[in-house]
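Observations on chain architecture
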Amino acid sequence: MKLECMTPRTFHPRNRHQGEYDFAQLMQCSPQLRPFVRANAFGNESIDFADPAAVRALNAALLHSQYGIAQWPLPPGYLCPPIPGRADYVHGLADLLASDQGDVIQSGPAVRLLDIGTGASCIYALIAAREYGWRVVGSDIDATALASAQAIVQSNPGLDELIELRLQRDRQSIFKGVVRDDERFALTLCNPPFHASASEAAQASESKRRNLGAAGPATRNFGGQRDELWCRGGEVGFVGRMIEESASRGARILWFSTLVSKGANLQALQQRMQKLGASAVRIVPMAQGQKQSRFLAWSFLDSAQRAQWWQELR
């Protein structure tokens with residue numbers, strides 16, 4: 001098994017969200033943001049990042065101004081993802097594919113992406129479709145979340161040609177029941193439930209609120225339902241099941257990947273991959289300000305087999 005850990009960095013150079021937000025431009029594009037913009041302690045325009053409504057309005061404005069997503073309805077209480085960090089993951093995956101193709105970025109609908117747990121926001125599928133023209137299958141166990149994602153796809157021209165949504169009916173399975181026997185994917189991605197219980201998720205949310213200087217009743221500024229935030233076994237349990245299932249699909253899926261919130265979990269996950277015969281593993285760090293994150297990617301094909309995979313695709 002080949003393990004590679006890339007150099008940490010700030011936002012990916014292709015990420016559209018470099019520097020500070022241009023609130024004047026965002027408000028012009030999305031007037032719904034205007035009521036939430038005010039001067040911060042330094043006299044600069046900003047929002048209250050502890051206010052879920054303000055966070056949702058900002059991210060909707062970013063999607064509209066940068067990706068042409070004019071309609072982004074979310075059910076109350078569902079996860080409203082921070083767009084810049086989500087974009088970094090997608091760009092990192094594009095680099096991962098390019099590393100097998102002479103560092104040439106692979107775009108267009110021939111590249112198929114499986115988004116595990118696409119959520120009500122459909123965010124990864126939206127960015128992948130708009131930035132690279134990839135064809136995306138998004139899966140989720142939550143029918144309400146999928147209905148929201150479907151409404152977003154249908155409300156924005158051109159997306160229904162690239163994004164397909166599938167309900168995962170078996171809560172214990174990840175690929176089974178979603179990936180069809182004759183399908184091939186270049187990539188999978190996942191933003192797994194990070195916590196092992198509701199109380200653990202609540203503690204993390206409260207810690208974040210304190211860091212933001214929030215007061216008043218406890219609320220999650222980015223929202224989130226149970227299946228978006230926690231599951232039995234937490235991150236290691238969920239990703240461990242994903243690794244176990246991936247081994248039987250390694251010939252038809254070029255690269256598997258997932259976010260990993262806690263660096264301390266990487267060793268246990270790598271050991272599972274090694275036991276199952278992964279040929280290549282890469283840890284790709286991501287950094288947004290003070291926040292450090294990463295995604296973990298693995299393949300059961302060696303470099304020659306990955307090259308052959310692309311030849312067969314063409």
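Structure first, text after, so check above.
Residues numbered from 1 in each chain as written. Predicted model: local features only at pLDDT ≥ 70, side-chain atom pairs only at ≥ 80, totals over all residues. Heavy atoms only, no water.

Each helix and strand counted, the chain has 10 helices and 10 strands in total. Relative to all contacts within the chain whose residues are 6 or more apart in sequence, the contacts with residues 24 or more apart total 72%. (Helix = DSSP H or I, 4+ residues; strand = E, 2+ residues; numbered from the N terminus. Contact = heavy atoms within 4.5 Å.)

Here we take up helix H9 (residues 266-276). Turning to H9, its buried residues are Leu266, Leu269, Gln270 and Met273. Seen end-on, H9 carries its buried residues on one side only, within an arc spanning 100°. Along H9, the residues that are exposed and aim more than 90 degrees away from the buried face are Gln267 and Lys275. A positive phi of about 95° marks Gly277, the residue just after H9. (Buried < 20%, exposed > 50% of the residue type's maximum accessible area, 1.4 Å probe, protein only. Arc of directions from axis to C-beta.)

Of all hydrophobic cores here, the largest spans 66 residues; its most connected members are Leu33, Trp134 and Ile163. Per element, the largest residue contribution to this core is nine residues, and it comes from helix H2 (residues 52-67). Judged by nonpolar contacts, the second largest core, of 25 residues, contains Phe175, Phe185, Ile253 and Phe256. (Core = buried A, V, L, I, M, F, W, Y, C linked by side-chain atoms within 4.5 Å.)

Another point: the packing of aromatic side chains. Following the criterion strictly, the structure yields eight aromatic pairs and no others. With centroids separated by 6.1 Å and ring planes inclined at 80°, the aromatic side chains of Phe256 and Phe300 adopt a geometry described as edge-to-face. One end of the pair, Phe256, is in strand S8 (residues 253-259); the other, Phe300, is in the loop between strand S10 (291-299) and helix H10 (303-313), and 44 residues separate them in sequence. An identical accessibility class is assigned to Phe256 and Phe300; each is buried. Here the aromatic cluster, defined as three or more aromatic residues joined through ring pairs, consists of Phe175, Phe256, Trp298 and Phe300. (Phe/Tyr/Trp six-rings, centres within 6.5 Å; stacked < 30°, edge-to-face > 60°.)

Next up on the list: the pairing of strand S4 (residues 112-116). Within S4, five of the five residues are buried, leaving the element largely enclosed by the surrounding structure. Two elements, S4 and strand S5 (residues 135-140), share five bridges in a ladder whose sense is parallel. Across the sheet, the residue bridging to Leu113 is Val136, located in S5. Handedness of the crossover is the feature at issue here: the chain leaves S4, passes through helix H4 (residues 123-132), returns alongside S5, and the resulting connection is right-handed. In the sheet, S4 pairs with strand S7 (residues 185-190) via four bridges, with the strands oriented parallel. In the sheet register, Leu113 faces S7, and the bridge partner there is Leu187. (Pairing = 2+ DSSP bridges. Right-handed = clockwise from strand over helix to strand, strands pointing away.)

Turning our attention to the pattern of salt bridges. Charged atoms that come close allow side chains of opposite charge to pair. Here the structure, examined in full by the defined rule, presents eight salt bridges. A salt bridge links Asp95 to Arg14; the nearest nitrogen and oxygen atoms lie 2.8 Å apart. With Asp95 in helix H3 (residues 83-98) and Arg14 in the loop between strand S1 (2-5) and helix H1 (23-29), this pair connects stretches of sequence that are 81 residues apart. Judged by its relative accessible area of 30%, Asp95 falls in the partly exposed class. A salt bridge links Glu183 to Arg112, with the shortest nitrogen-to-oxygen separation between them at 3.1 Å. With Glu183 in the loop between strand S6 (163-167) and S7 and Arg112 in strand S4, the pair connects residues that are 71 residues apart, well separated along the chain. Assigned by exposure class, Glu183 and Arg112 land together as buried. (Salt bridge = Lys/Arg side-chain N within 4 Å of Asp/Glu carboxyl O.)

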